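# Structural overview for review
One letter stands for each residue in the lines below.
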Amino acid sequence: MTLLEEDVFMSKQINSPSGRPRSAHADQAILQATLDLLAEVGYQSMSIEAIASRAGVGKTTIYRRYTSKEELVADAIESLREVFPIADTGSFWGDIDILINNAAKKILSPLGRQTLALIISTASSNPQFAQVYWTKYTMPRREVFAKVLERAKSRSEIQKDADIDLIIDLVSGSLYYALIFKPTPEPVEAYMRRTINLLLKGIGTESGC
(Lines give C-alpha, C1' and ligand atoms only; values in the text may rest on other atoms or scores of the structure.)
Protein backbone atom coordinates (compact mmCIF):
# COMPACT_ATOMS: atom_id res chain seq x y z
CA MET A 1 0.00 0.00 0.00
CA THR A 2 1.41 3.41 -0.98
CA LEU A 3 1.51 6.34 1.46
CA LEU A 4 -1.33 8.00 -0.45
CA GLU A 5 -3.43 4.84 -0.31
CA GLU A 6 -2.66 4.53 3.40
CA ASP A 7 -3.86 8.08 4.05
CA VAL A 8 -7.06 7.48 2.09
CA PHE A 9 -7.66 4.23 3.93
CA MET A 10 -7.18 5.81 7.33
CA SER A 11 -9.39 8.74 6.43
CA LYS A 12 -12.19 6.30 5.70
CA GLN A 13 -11.85 4.90 9.22
CA ILE A 14 -13.17 8.13 10.73
CA ASN A 15 -16.76 7.01 10.41
CA SER A 16 -15.99 3.45 11.46
CA PRO A 17 -15.39 3.70 15.23
CA SER A 18 -13.82 0.70 16.93
CA GLY A 19 -16.12 0.98 19.91
CA ARG A 20 -13.42 2.14 22.31
CA PRO A 21 -13.92 5.56 23.93
CA ARG A 22 -11.62 8.34 22.80
CA SER A 23 -8.69 9.10 25.04
CA ALA A 24 -8.75 12.61 26.49
CA HIS A 25 -4.99 12.32 27.02
CA ALA A 26 -4.46 11.53 23.34
CA ASP A 27 -6.75 14.41 22.35
CA GLN A 28 -4.68 16.89 24.36
CA ALA A 29 -1.38 15.43 23.18
CA ILE A 30 -2.42 15.76 19.54
CA LEU A 31 -3.55 19.37 19.93
CA GLN A 32 -0.40 20.35 21.84
CA ALA A 33 1.86 18.64 19.30
CA THR A 34 0.08 20.49 16.53
CA LEU A 35 0.54 23.84 18.27
CA ASP A 36 4.21 23.12 19.00
CA LEU A 37 4.97 22.22 15.39
CA LEU A 38 2.96 25.12 14.05
CA ALA A 39 5.10 27.52 16.09
CA GLU A 40 8.36 25.71 15.26
CA VAL A 41 8.11 24.93 11.54
CA GLY A 42 4.89 26.53 10.29
CA TYR A 43 1.84 25.06 8.59
CA GLN A 44 3.34 24.09 5.24
CA SER A 45 6.21 22.11 6.75
CA MET A 46 4.25 20.24 9.39
CA SER A 47 2.76 16.84 8.62
CA ILE A 48 0.36 14.38 10.18
CA GLU A 49 3.28 11.98 10.59
CA ALA A 50 5.28 14.56 12.54
CA ILE A 51 2.28 15.47 14.70
CA ALA A 52 1.63 11.81 15.49
CA SER A 53 5.27 11.24 16.38
CA ARG A 54 5.40 14.32 18.62
CA ALA A 55 2.14 13.33 20.33
CA GLY A 56 3.20 9.72 20.80
CA VAL A 57 0.20 8.32 18.93
CA GLY A 58 -0.37 6.52 15.64
CA LYS A 59 -1.56 8.24 12.48
CA THR A 60 -4.80 6.28 12.70
CA THR A 61 -5.52 7.90 16.05
CA ILE A 62 -5.41 11.32 14.39
CA TYR A 63 -7.39 10.28 11.33
CA ARG A 64 -10.17 8.93 13.54
CA ARG A 65 -10.58 12.45 14.91
CA TYR A 66 -9.89 14.72 11.93
CA THR A 67 -10.62 14.53 8.24
CA SER A 68 -7.70 16.77 7.25
CA LYS A 69 -4.68 18.69 8.48
CA GLU A 70 -6.64 21.92 8.00
CA GLU A 71 -9.33 20.78 10.42
CA LEU A 72 -6.77 19.60 12.97
CA VAL A 73 -4.82 22.87 12.89
CA ALA A 74 -7.99 24.95 13.18
CA ASP A 75 -9.13 22.87 16.17
CA ALA A 76 -5.72 23.20 17.82
CA ILE A 77 -5.74 26.96 17.42
CA GLU A 78 -9.32 27.12 18.71
CA SER A 79 -8.23 25.18 21.82
CA LEU A 80 -6.18 28.24 22.83
CA ARG A 81 -9.22 30.48 23.00
CA GLU A 82 -9.87 31.62 26.53
CA VAL A 83 -13.48 31.60 27.58
CA PHE A 84 -14.20 34.73 29.55
CA PRO A 85 -17.12 37.17 29.93
CA ILE A 86 -17.24 39.82 27.24
CA ALA A 87 -15.79 43.00 28.65
CA ASP A 88 -18.45 45.45 29.87
CA THR A 89 -16.74 48.44 31.43
CA GLY A 90 -19.69 50.72 30.78
CA SER A 91 -17.97 52.56 27.94
CA PHE A 92 -17.04 51.80 24.36
CA TRP A 93 -13.36 52.68 24.73
CA GLY A 94 -13.05 50.78 27.98
CA ASP A 95 -14.35 47.64 26.25
CA ILE A 96 -12.27 48.23 23.12
CA ASP A 97 -9.04 48.67 25.07
CA ILE A 98 -9.55 45.27 26.68
CA LEU A 99 -10.24 43.63 23.31
CA ILE A 100 -7.19 45.27 21.71
CA ASN A 101 -4.86 44.30 24.56
CA ASN A 102 -6.08 40.70 24.56
CA ALA A 103 -5.74 40.42 20.78
CA ALA A 104 -2.23 41.92 20.79
CA LYS A 105 -1.09 39.61 23.57
CA LYS A 106 -2.19 36.56 21.62
CA ILE A 107 -1.13 37.51 18.12
CA LEU A 108 2.30 38.93 19.01
CA SER A 109 3.42 35.61 20.53
CA PRO A 110 5.53 33.22 18.36
CA LEU A 111 2.45 31.04 17.83
CA GLY A 112 0.34 34.08 17.06
CA ARG A 113 2.75 35.18 14.34
CA GLN A 114 2.79 31.68 12.86
CA THR A 115 -1.00 31.73 12.91
CA LEU A 116 -1.07 34.99 10.99
CA ALA A 117 1.36 33.58 8.42
CA LEU A 118 -0.83 30.49 8.22
CA ILE A 119 -3.93 32.55 7.48
CA ILE A 120 -2.26 34.56 4.73
CA SER A 121 -0.40 31.71 3.03
CA THR A 122 -3.06 29.04 3.27
CA ALA A 123 -6.57 30.46 3.49
CA SER A 124 -6.27 32.35 0.19
CA SER A 125 -5.42 29.21 -1.74
CA ASN A 126 -7.20 26.54 0.30
CA PRO A 127 -10.99 27.04 0.47
CA GLN A 128 -11.40 24.09 2.83
CA PHE A 129 -9.02 25.55 5.38
CA ALA A 130 -10.47 29.03 4.93
CA GLN A 131 -13.97 27.76 5.73
CA VAL A 132 -12.88 25.71 8.74
CA TYR A 133 -10.80 28.58 10.11
CA TRP A 134 -13.60 31.08 9.55
CA THR A 135 -16.11 28.90 11.41
CA LYS A 136 -13.96 27.73 14.31
CA TYR A 137 -11.71 30.72 14.90
CA THR A 138 -12.80 33.93 13.21
CA MET A 139 -16.55 33.90 13.80
CA PRO A 140 -16.41 33.55 17.63
CA ARG A 141 -14.11 36.58 17.79
CA ARG A 142 -16.26 38.61 15.46
CA GLU A 143 -19.26 37.84 17.65
CA VAL A 144 -17.45 39.23 20.71
CA PHE A 145 -16.53 42.43 18.85
CA ALA A 146 -20.08 42.72 17.49
CA LYS A 147 -21.56 42.58 21.00
CA VAL A 148 -19.25 45.38 22.12
CA LEU A 149 -20.38 47.49 19.16
CA GLU A 150 -24.05 46.70 19.77
CA ARG A 151 -23.70 47.87 23.37
CA ALA A 152 -22.03 51.04 22.12
CA LYS A 153 -25.06 51.61 19.90
CA SER A 154 -27.42 51.18 22.84
CA ARG A 155 -25.42 53.79 24.78
CA SER A 156 -25.46 56.12 21.75
CA GLU A 157 -21.67 56.08 21.64
CA ILE A 158 -21.75 55.18 17.96
CA GLN A 159 -24.38 55.83 15.31
CA LYS A 160 -27.49 53.68 15.44
CA ASP A 161 -27.09 52.74 11.77
CA ALA A 162 -23.36 51.93 12.00
CA ASP A 163 -22.47 48.94 9.82
CA ILE A 164 -21.06 46.56 12.43
CA ASP A 165 -19.85 43.91 9.99
CA LEU A 166 -17.99 46.49 7.92
CA ILE A 167 -16.44 48.05 11.03
CA ILE A 168 -15.14 44.63 12.08
CA ASP A 169 -13.78 43.97 8.57
CA LEU A 170 -11.92 47.30 8.50
CA VAL A 171 -10.49 46.90 12.00
CA SER A 172 -9.38 43.32 11.29
CA GLY A 173 -7.75 44.38 8.04
CA SER A 174 -5.92 47.20 9.81
CA LEU A 175 -4.67 44.80 12.47
CA TYR A 176 -3.23 42.40 9.89
CA TYR A 177 -1.63 45.32 8.03
CA ALA A 178 -0.01 46.62 11.21
CA LEU A 179 1.36 43.20 12.12
CA ILE A 180 2.76 42.45 8.67
CA PHE A 181 4.19 45.79 7.58
CA LYS A 182 4.72 47.59 10.91
CA PRO A 183 3.87 51.01 9.41
CA THR A 184 4.79 52.91 12.59
CA PRO A 185 7.19 52.33 15.50
CA GLU A 186 4.34 52.67 18.00
CA PRO A 187 2.91 49.58 19.71
CA VAL A 188 0.20 47.71 17.83
CA GLU A 189 -2.28 48.60 20.56
CA ALA A 190 -1.72 52.33 20.03
CA TYR A 191 -1.96 51.98 16.24
CA MET A 192 -5.24 50.10 16.49
CA ARG A 193 -6.69 52.65 18.90
CA ARG A 194 -5.87 55.46 16.45
CA THR A 195 -7.36 53.44 13.60
CA ILE A 196 -10.65 52.82 15.41
CA ASN A 197 -10.85 56.43 16.55
CA LEU A 198 -10.44 57.69 12.98
CA LEU A 199 -12.93 55.15 11.69
CA LEU A 200 -15.61 56.23 14.14
CA LYS A 201 -15.00 59.94 13.60
CA GLY A 202 -15.05 59.66 9.84
CA ILE A 203 -12.75 61.57 7.50
CA GLY A 204 -15.10 63.96 5.77
CA THR A 205 -18.61 64.64 4.57
CA GLU A 206 -20.83 61.80 3.42
CA SER A 207 -20.84 61.34 -0.35
CA GLY A 208 -23.73 58.92 -0.62
CA CYS A 209 -23.78 55.70 -2.63
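Summarised in this report is the structure supplied together with it. Bear in mind that the values here come from a model prediction, so they are computed numbers and not experimental data. (Residues numbered from 1 in each chain as written. Predicted model: local features only at pLDDT ≥ 70, side-chain atom pairs only at ≥ 80, totals over all residues. Heavy atoms only, no water.)

## So, unusual backbone geometry
Phi angles above zero are rare outside glycine, and Ser 156 is one such case at about 60 degrees. Within the element layout of this structure, Ser 156 appears in the loop between helix H8 (127-154) and helix H9 (164-181). Positive phi, normally seen in glycine, also occurs at Lys 182, with a value near 45 degrees. By the element assignment, Lys 182 lies in the loop between H9 and helix H10 (188-201). (Helix = DSSP H or I, 4+ residues; strand = E, 2+ residues; numbered from the N terminus.)

## Details of the pattern of salt bridges
On inspection of all chains with the given rule, the structure shows 13 salt bridges. For Glu 157, the salt bridge is made with Arg 155, and the minimal N-O distance between the two is 2.8 Å. (Salt bridge = Lys/Arg side-chain N within 4 Å of Asp/Glu carboxyl O.)

## Thoughts on the nonpolar core
With 27 residues, the main nonpolar core has Ile 30, Ile 51, Ile 62, Leu 72 and Val 73 as its most contacted residues. Residue assignment for this core shows that the elements contributing at least two residues are helix H2 (24-41), helix H3 (48-55), helix H4 (59-63), helix H5 (69-78), helix H7 (110-123) and H8. Here this core gets 8 residues from one element, more than from any other, and that element is H2. Excluding residues that lie within four positions of it along the chain, Ile 62 makes contacts with Ile 30, Ile 48, Ile 51, Ala 52, Val 57 and Leu 72. By size, the runner-up hydrophobic cluster in this structure holds 24 residues, among which are Phe 145, Ala 162, Ala 178 and Leu 179. (Core = buried A, V, L, I, M, F, W, Y, C linked by side-chain atoms within 4.5 Å. Buried < 20%, exposed > 50% of the residue type's maximum accessible area, 1.4 Å probe, protein only. Contact = heavy atoms within 4.5 Å.)

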